[in-house]
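Secondary and tertiary structure notes
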Amino acid sequence: DNYILYQSRDGKSMTDSPYAVFLYLLSNKEYKHLKHIWVVDTQKKKQEFAKMYKHYSNVEFVVKESNDCLQMLTTAKYILNNSTFPAYFTKKENQVYVNTWHGTPIKAMGLDVEDNLLGSQNIIRNFLSSDILVSPNAHTSEIFKRAFSLEGLYSGELLEIGYPRIDLTLNADKKRVFKHLKQSGLHISDREIILFAPTWRGSDVNKPEDSLKDVYRMVMELKNNTEYQVLVKVHPFVYKTALKYKELKPYLVPDSFDTNELLSVIDLLVTDYSSIFFDYLVTDKPMIFYSPDYEDYKNDRGFYIKPDALPGPSVFNTDDLIEAVNHAQANTSKYARQYQEFKDLYVPY
C-alpha cells in the first residue's frame, strides 16, 4: 500500500514529471511513510543512482525487465510513468496508475498521423489503463481525446492541471544547476547561455537520422558569431549517437540531466519542433525557432501550430539564425503579444 513505482523515458533517467512528483513527496514529511522505487534501464545506472540516494532508506532502484522490477510493477499500489509500460503489463484492479505523458504536442501524434495505428496502440492502451492522465492545457486534452481515441472510452480522470515538471524550472536552485553542469564536464563561463535543442529526425525512433554534423556546425556558428556560450540538448533518441562525436562533447548536456532544471539557467532557447519551448514560456525569456528542413518535416508529420503563430522568430537558414540571435533581446517586444497568448493557452497552470 505504501509503494510508489516511477518510470521516466523507459528507465533512461530520473527526469520529467515523475521526478518532480518524487522530489516533492520525498521532501514532504506528510509522505515519509512512502517507499519510492525507480525503474532504470541498466545495472550501471542502478549503481549510479543508488549512490546518489544512499542516505535515503526509502528509495530503491530496480532494473527494467528484471524479476525485481516485475515484482514491483505488479505489487506497488501507485505507478507513475511519463510514457508507456510494456504491452504485456496489465494494471491490477486496486493499483493507481498515473500517466503524466511528456509534452504539449506541436507535431501530429497518434491517429492524427496517417497509418499510425500500429505505432499508437500501446500508448492508447496505457492511456485507457491509467486512473489519472495529466494534461498541461486544453490543447493537449483535446489531442489526447481525438488522436488516441479516448473520447467516450476513457473511464479515468483526465486532469488538466499543468505539468509537475514546471515546478523544477520555477523553483530551481540555479547555483546547484550550474554546479551540476560543471560536474558534467561542460565549460561554463560568465557569458549568457544559448540552449540549442533540436528534436530528432526520421520516422523510426530506433534509427533516428544522424543530423549531428549539422548540429555541430550550428554550435560553431553560434559560438563564433554571437556573444553567447552554447549548450546542446539533443533528443534522447539521438544521444547515444551524439556521444560518438568528440567535437560535440564540451557542449553536450548529458541525457540524464533534467531538462526543466536546465531551462531555469538558460537565457535564450533555439529549437525547432521540440515541445521544450512550451515549458520555457514560464521563464519569459526569448526563443527562436530554427528549422532548415521545415517543408520536409511538415509533409512527413504535420503540425498543430503554424510557424508564423509562434512566440518568436522562425528562421530557415544559418545567416538568419545568427541575425535573430544577435537581435534576440530587441525582438522581445515584437513578439510580446504572441508570447503572452502562448502562455495563456499552453502554460495556464
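As a starting point, this report considers the structure included with it.

Thresholds, definitions, all that
Residues numbered from 1 in each chain as written. Predicted model: local features only at pLDDT ≥ 70, side-chain atom pairs only at ≥ 80, totals over all residues. Heavy atoms only, no water. 1 Å grid on protein atoms, 1.4 Å probe; cavity = no way out; pocket = protein on both sides within 12 Å on 5 of 7 lines; lining within 4 Å. Points joined across faces, edges and corners; volume = space filled by probe spheres on them. Helix = DSSP H or I, 4+ residues; strand = E, 2+ residues; numbered from the N terminus. Nonpolar A, V, L, I, M, F, W, Y, C, P; charged D, E, K, R; others polar. Salt bridge = Lys/Arg side-chain N within 4 Å of Asp/Glu carboxyl O. Polar contact = N/O pair within 3.5 Å; in protein donor to acceptor, adjacent residues only side chain to side chain. Buried < 20%, exposed > 50% of the residue type's maximum accessible area, 1.4 Å probe, protein only. Pairing = 2+ DSSP bridges. Axes fitted to C-alpha atoms, helices over the stretch in contact; angles between N-to-C directions. Arc of directions from axis to C-beta. Contact = heavy atoms within 4.5 Å.

1. Side note on empty space enclosed by the protein
Across all of its chains, the model carries two cavities of 30 Å³ or more by this definition. Of the voids in this model, the second largest cavity is the one considered here, and its volume is about 30 Å³. The dominant element in the lining of the second largest cavity, judged by the number of residues it contributes, is helix α3 (residues 67-75), at three residues. Across the lining of the second largest cavity, the residue classes tally to six nonpolar, one polar and two charged.

2. A few points about the pattern of salt bridges
Under the counting rule described, the total for this entry stands at 13 salt bridges. Through salt bridges with shared partners, a single network forms among Asp-16, Arg-165 and Asp-279.

3. Points about helix α7 (residues 174-183)
Between the side-chain oxygen of the N-cap and the backbone nitrogen of Lys-175 there are 3.2 Å, and the N-cap of α7 in question is Asp-173. Gly-185 lies just past α7 and shows a positive phi near 95°.

4. So, the environment of Lys-91
On the secondary structure map, Lys-91 appears in the loop between β4 (78-81) and β5 (96-99). The class for Lys-91 is buried, based on a relative accessible area of 19%. For the pair Lys-91 and Val-59, spaced 32 residues apart in sequence, the C-alpha to C-alpha distance is 23 Å. Side-chain polar atoms of Lys-91 contact the backbone oxygen of Gln-95, separated by 2.8 Å. Within the structure, Lys-91 has its side chain in polar contact with the side chain of Asp-131 (distance 3.0 Å).

5. Quick word on the sheet that holds strand β1 (residues 3-7)
Strand order in the open sheet formed by seven strands is β3-β2-β1-β4-β5-β6-β7, and the pairing between neighbours is parallel. The open sheet has two edge strands with one neighbour each: β3 (59-63) and β7 (157-160). Across the sheet, the mean angle from the axis of one strand to that of its neighbour is 20°, orientation sign disregarded. Taken together, the five bridges between strand β2 (residues 35-40) and β3 define a ladder with parallel strand orientation. Across the sheet, residue Val-39 finds its bridge partner in β3, namely Val-62.

6. Points about helix α13 (residues 318-326)
Among all positions of α13, only Thr-318, Leu-321, Ile-322, Ala-324 and Val-325 are buried. Seen along its axis, α13 keeps its buried residues to an arc of 165°; they face one direction. Among the structural elements, β8 (193-197), α8 (212-225), β10 (268-271), β11 (287-290), β12 (314-315) and α14 (328-334) are those in contact with the buried residues of α13. At the N-terminal end of α13, a side-chain oxygen is found 3.3 Å from the backbone nitrogen of Asp-319, two or three residues along, and the residue is Asn-317.

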